[in-house]
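Single-letter residue listing:
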Amino acid sequence: MAEDGQGGWQLAQVNIALLRAPLDAPELAGFVAGLEPINRLADQSPGFVWRLQTPEGDATAIRVFDDDRILVNLSVWESVEALWSFVYASRHLDLLRRRREWFHRLADAYLALWWVPASHVPTIDEAKGRLGLLRRTGPSPDAFTLREPFPAPGGG
Amino acid sequence: MDEDRFERGVAALQSLHDPVRRGLYRFVAAQSHDVGRDEAARAVGVQRGLAAFHLDKLVDAGLLEVAAVRRVSGRSGPGAGRPAKLYRRAAVQHEVSVPERTYDLAALLLAEAVDEAGVEPALHAAARRLGVRAGRQERQEARPLAEVLARRGYEPYRDGASLRLGNCPFRDVAGQLPAVVCGMNLALLEGLLDGLGAEGAAAVMDPEPGRCCVALISK
């Protein structure tokens, strides 16, 4: 049972990626093949709470930006450490290593973190707002990054 | 120069001056499990008491740490025997450079630039080329794979049919920018295998906390 790790707060995460080609193009085959196993790994990872998904089991069909080549990934974790371990110390690192094969470089911040009350499910609009805030003002307690994390409200 | 860091580094090095102590340090560092006094003494070929003395000196110098204290007999309570100390290599890194060099800063800045510019493919290509060159040289020396990796600081150990790497030679910068640096490391090791002509082995990403992100598996 995923309990809140930080005195009633959980970590929300959004990241976006700009596709180099449509998902059914051969260039994206490696990414598409990795989706199902990596999502399963996320679901089983210590500290995983929730992720945005359609009935297909992933979020690749969700396009909410003006540029519809942009994928969005929205999830909730118990702590920064739990998210860090999944992102960088699991097989997920192998997808990350290959990200330039599948996605264009984004000049602006593409990942934002913020604290939400436990059991709160973040919305896409909320996520877009946090990403926008990070882009405008840099890392702050309201929108930050894995490299410059902030503690949960109330000292965590 | 950071005087405290320099002094700590020199003290750590000094404590490795004794050959027995150096042997103990290298043995403990090379094991994938925590090591007791008996095992360490046997490995280095000295009496248990002498090994215990030197192991504790290595702890004092910050080179090893005491992992756990457990009862040797596996029992607890009266008659269970004396508790046994288990040692492992300390996570802290000591560096002494004379004159001072700060390649870690240069590495971090270069990795940041690669990340921002999105030029990982160029980094992977460069790492692979360097790996192939190094592998070819090692092949001329007819060194086995595990020795080649050990000489480069990876601290390889067997895990079934795989070779795992107990030490990440790029740990500090890899911790900051894992996607960039671990990808570089994988390409470097792929190149090294190619250059060695080690056709039975493949380098794959298999990260776990506390060790290098790459494992070498039998094909």
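Residues numbered from 1 in each chain as written. Chains lettered and ligands numbered in written order. Predicted model: local features only at pLDDT ≥ 70, side-chain atom pairs only at ≥ 80, totals over all residues.

**Details of the sheet that holds strand β6 (residues 201-205) of chain B**
All names here are of chain B. As a reminder of what qualifies: When DSSP finds two or more bridges between a pair of strands, those strands are recorded as paired. We count a stretch as a helix when DSSP gives it H or I for four or more residues in a row; a strand needs E for two or more, and each element gets its number in order from the N terminus. Only the stretch in contact is used when a helix axis is fitted, and all axes are lines through C-alpha atoms; the angle between N-to-C directions ranges over 0 to 180 degrees. Here the contact rule is simple: place C-beta atoms from the backbone, and any two residues whose C-beta atoms are within 7 Å are in contact.
In spatial order, the strands read β4-β5-β7-β6; together these 4 strands make up an open sheet with antiparallel pairing. Bordering the open sheet on either side are β4 (156-159) and β6, each of which pairs with just one other strand. Ignoring which end each strand starts from, the neighbouring axes of this sheet average 30° apart. For β4 and strand β5 (residues 162-165), the ladder comprises 4 bridges, and the chain directions are antiparallel. Along β5, the bridge assignment pairs Asp159 with Ser162. Here helix α9 (residues 178-196) sits on the sheet and contacts β6 and β7 (214-218); the angle it forms with β6, its principal contact strand, is near 180°.

**Here's the deal with the interface of chain B and chain A**
Worth spelling out the cut-off: Put simply, Ala, Val, Leu, Ile, Met, Phe, Trp, Tyr, Cys and Pro go in the nonpolar bin, Asp, Glu, Lys and Arg in the charged bin, and everything else, Gly too, in the polar bin.
In this complex, chain B contributes 14 residues to the contact, which on the side of chain A involves 12 residues. Among the elements of the structure, α6 (120-140) and α9 of chain B are those that each provide at least two residues to the side of chain B that touches chain A. At 5 residues, α9(B) tops the list of elements feeding residues into the side of chain B that touches chain A. When its residues are assigned to classes, the side of chain B that touches chain A shows 9 nonpolar, 3 polar and 2 charged.

**So, the domain arrangement of chain B**
The following threshold applies: Domains are outlined according to an automatic or database domain assignment.
Segmentation of chain B into domains returns domain 1 (3-89) and domain 2 (104-218). Just the C-alpha atoms count here: the centres of domain 1 of chain B and domain 2 of chain B sit 29 Å apart.

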